[in-house]
Structure formats: structure tokens, C-alpha cells
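Structural features, examined
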Amino acid sequence: MPQSFFDRTLVSHRSEVDSQRLRKNHASLVVMQGAEIGRDFRLRRGTMVIGRGLDVDVRLPDDLVSRRHARIEFHWNAVSESATFLMVDLGSTNHTYVNSRQVESIELKDGDKIQIGDTVLKFVLLDDIEVKFHAEVRNRITFDQLTGLLTKESLYLALDVELKRCLRYTVPLAVLMMDLDYFKAINDTHGHLMGSHVLSEVGRLIAHSIRGVDVAGRYGGEEFVAYLPEADGAGAMQVSERIRGNIEACHFALEGKVARATISIGVSLFPAHGRDLRTLVARADRALYRAKEEGRNRICLETDLE
């Protein structure tokens, strides 16, 4: 067969590109500058509040952002069958800027840059293909591919910003260090595919067990870490027990095999056990070690004060 045969361009009989997939149907705020650079906040119908408080729709961990800083209003024009988004400042301390101009209320246009505190957001209209691209890029950079939780590096960046907020406003925070018990035995008994399946499911269970404002990540191997904003000792123990109980109760099934797992958890508190990331993680890790020594499948709160 002549070599030229392999150099041919294949002919597609598709008559046209799927135009629906290329319509700009999705509105988002993408973080261009700030603690969570690259994050994509998808805008929805109705009203969404932006701020640093725990009860907002778009939370920005930035000391210069008011608790309820601004809101975005969705408006639908039935005649033109088009949507518009209105940015409204909520009397914020440091104001809201769009394209470097202070605004009280403005209709957003594709590509507008919004500055709130030290955070810069870009308002973008995306088609289906662009949405998938943005999601894939962010996932590869930020999330552990096996568990779906944040990578250690991404969680540390977010925790460092959160601790600065805690220092400024004197609010509590808890750090959880978690480690699966006898994980090597799961690999040895059921194989590495089951081990990977257990890690994946544990990531899902942790994400399901924490509050919406809490943040969890994979520390490495079978270790996990989480931080709980504005959680005191009682609140941290409650969340930790929910994680521990959900994992203990789970039957991890894969290809006809079933494995069981338990987890040990160490807890440290800001500011009682430390005021910086390194100290709080070390104290939580020390409490975790005590949980292992005392029999595993349990939670230990760090006891020594700073």
C-alpha cells in the first residue's frame, strides 16, 4: 500500500458544528487575583451575595472584603430571551470597583474586571466547551485526582489566608489531621485496586461529613487534613465524630470484594494550640499520634496550650 494512503486527511460528513454548544449560556466569576486564583464561581438565577462572611454565596477570604460586600442580581428579558447581571455594592467599607471605576450599581459585560478588596474577579460568559475547559484546568491544578479533595499545597494556601482572617478578627478555627488505620492491611488483603477505591470513597465521605464552609484535602498517602472556620472544640469534635462514624459504618465494595476501614483523628485549635499553620498542623499531628497509641478509630483533641 503506498505511503501516501496514510497521509490522507479523513473526511467527516458532519454538516455543521453543534452551534448550541458554542452559545454563551454560562456566566461565571473567575478569580484573577487573590487567595483562590483560578477559582470559578458559577452565577445562577436570582441573587448572589459576595463577601467574606460564612453565610454568603461567593465567599472571598480577604480582610479588605466586607462580610456582605456586594450582590449580583440576575435579570431575564423575555422579549430578547437574554439574561443580564447587575452588580450592586452593599455599602461596603472599601467599595466595589468595575474596570477600575468605583460603582454602586452597574450591568456587567463579558470581560469586566471586578475588584473587591485585594481580590480581582473577571466576569465571563462561557459556552459549554469553555466551561469544561475551565473546570478541567482548575481540577488538575487544585484537586487530588483520586479523592476529589484539595491537594495539600492548595489547602495550605487557603488555610494560610484563613488564619490571617482569624488573627485579625479573633475568631476560632480547628485543624483536623486524619489517618486511616491499618491501611497497608487493606492493600495486602484485597489488592491495590481496592486500596485506591477505599481512598477515593474516604475522600467522598469526608467531603460529605464536613460543613459547607469547611475545607478538606489529601495530605498524602492515606492521610487527610481539614480546617473548620469559626469552629471551637465542641464543634470540631462533632464534625470529627461524623467523619469517624461515617467511615466506620461504610462497606467498601469493589468487584465482589468488601473491605472495612476506620480512621484516627487529631484536632488542634486556633488560638489555643497555635497561631500559625505550621504549629497548628504539628499539634494536630501530635494529637493524631496519641489517638493511634490509645487504640485507633478515635478522636483526640490536643491538650497542651500554646
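Along every chain, residues carry numbers that run from 1 in the direction the sequence is written. The predicted origin of the model limits local features to residues at a pLDDT of at least 70 and limits the giving and counting of side-chain atom pairs to 80 or more, whereas totals for whole chains, interfaces and linings rest on all residues. To get the side-chain values, all heavy atoms of the structure are used, and hydrogens and water are removed first.

1. Description of the packing of aromatic side chains
Filter applied, for reference: Two rings from Phe, Tyr or Trp (for Trp, the six-membered ring) form a pair when their centres sit within 6.5 Å of each other. Planes less than 30 degrees apart are called stacked, planes more than 60 degrees apart edge-to-face, and all others tilted. A helix here means a DSSP run of H or I that spans at least four residues, while a strand means a run of E at least two residues long, and both kinds are numbered starting from the N terminus. Summary of the burial criterion: residues with accessible area below 20% of their type's maximum are buried, those above 50% are exposed, and those between are partly exposed, where the area comes from a 1.4 Å probe applied to protein chains only. Here, a charge over a ring means that NZ of Lys or CZ of Arg falls within 6 Å of the ring centre while also lying within 35 degrees of the ring normal.
Counted by the stated rule, this structure contains 3 aromatic pairs. Between Y156 and Y219, the aromatic rings sit 6.4 Å apart at their centres with planes inclined by 55°, giving tilted as the arrangement. Here Y156, found in helix α2 (residues 152–169), pairs with Y219, found in strand β14 (residues 215–220); they are 63 residues apart in sequence, far enough to count as distant. Classification of Y219 as partly exposed rests on a relative accessible area of 24%. Among the aromatic side chains, those forming a connected cluster through ring pairs are F74, F85 and F123. Cation over ring: R52 sits above Y169, and NZ or CZ is 3.9 Å from the ring centre. Positioned over the ring face of Y219 is K152, at 4.4 Å from the centre of the ring.

2. Observations regarding the sheet that holds strand β9 (residues 105–107)
Spelled out, the test is: Pairs of strands are assigned from DSSP output, requiring at least two bridges between the strands.
Pairing is mixed across the open sheet formed by 5 strands, whose spatial order is β4-β3-β5-β6-β9. The open sheet has two edge strands with one neighbour each: β4 (58–59) and β9. Across 8 bridges, strand β5 (residues 70–77) lies against strand β6 (residues 82–89) in antiparallel orientation. Each residue of the ladder has a partner; that of A70, found in β6, is D89.

3. Some remarks on the environment of K113
In plain terms, the rule: By the convention used here, residues are in contact when the closest approach between their heavy atoms is within 4.5 Å.
Its place among the elements puts K113 in strand β10 (residues 113–116). Between the alpha carbons of K113 and N99 there is a distance of 5.2 Å; along the sequence they are 14 residues apart. In this structure K113 touches Y97, V98, N99, V120 and L121, once residues within four positions along its chain are discounted.

4. Points about the sheet that holds strand β12 (residues 150–151)
To be explicit about the condition: Geometry is summarised by axes, namely lines fitted to C-alpha atoms with helices restricted to the contacting stretch, and by angles between N-to-C directions that run from 0 to 180 degrees.
With respect to topology, 6 strands assemble into an open sheet ordered β12-β14-β15-β13-β18-β19, the strand pairing being mixed. Each end of this open sheet is capped by a strand with a single partner; those strands are β12 and β19 (299–301). Summarising the sheet, strand β18 (residues 263–270) and β19 pair through 3 bridges and their orientation is parallel. Each residue of the ladder has a partner; that of G266, found in β19, is C300. In the packing of α2 onto the sheet, the strands contacted are β12, β13 (173–180), β14, β15 (223–229) and β18, and the crossing angle to β15 comes to about 25°. Docked against the sheet, helix α4 (residues 192–209) engages β13, β14 and β15, running at close to 155° with respect to β13.

5. Describing the environment of Y289
Note that Y289 resides in helix α6 (residues 277–293). Between the alpha carbons of Y289 and S264 there is a distance of 8.6 Å; along the sequence they are 25 residues apart.

6. Here's the deal with α6
This is how it is decided: For a helix, the expected span equals 1.5 Å multiplied by the residue count minus one. By the criterion applied in these results, polar contacts are pairs of N or O atoms within 3.5 Å in which, for protein atoms, one can donate a hydrogen and the other can accept it, and in which residues neighboring in sequence qualify only through two side-chain atoms.
Between the first and last C-alpha of α6 there are 24 Å, a value that for 17 residues agrees with the 24 Å anticipated at 1.5 Å per step. Those residues of α6 that fall on the buried side of the exposure criterion are L277, L280, V281, R283, A284, A287, L288, A291 and K292. Contacts from the buried residues of α6 go to α2, β13, β14, β15, β18 and β19. The distance from a side-chain oxygen at the start of α6 to the backbone nitrogen of R278 is 3.2 Å, and the residue carrying that oxygen is D276. Note on α6: the residue one or two positions beyond its end, G295, has a positive phi of about 125°.

None of this, on its own, says anything about what the molecule does.
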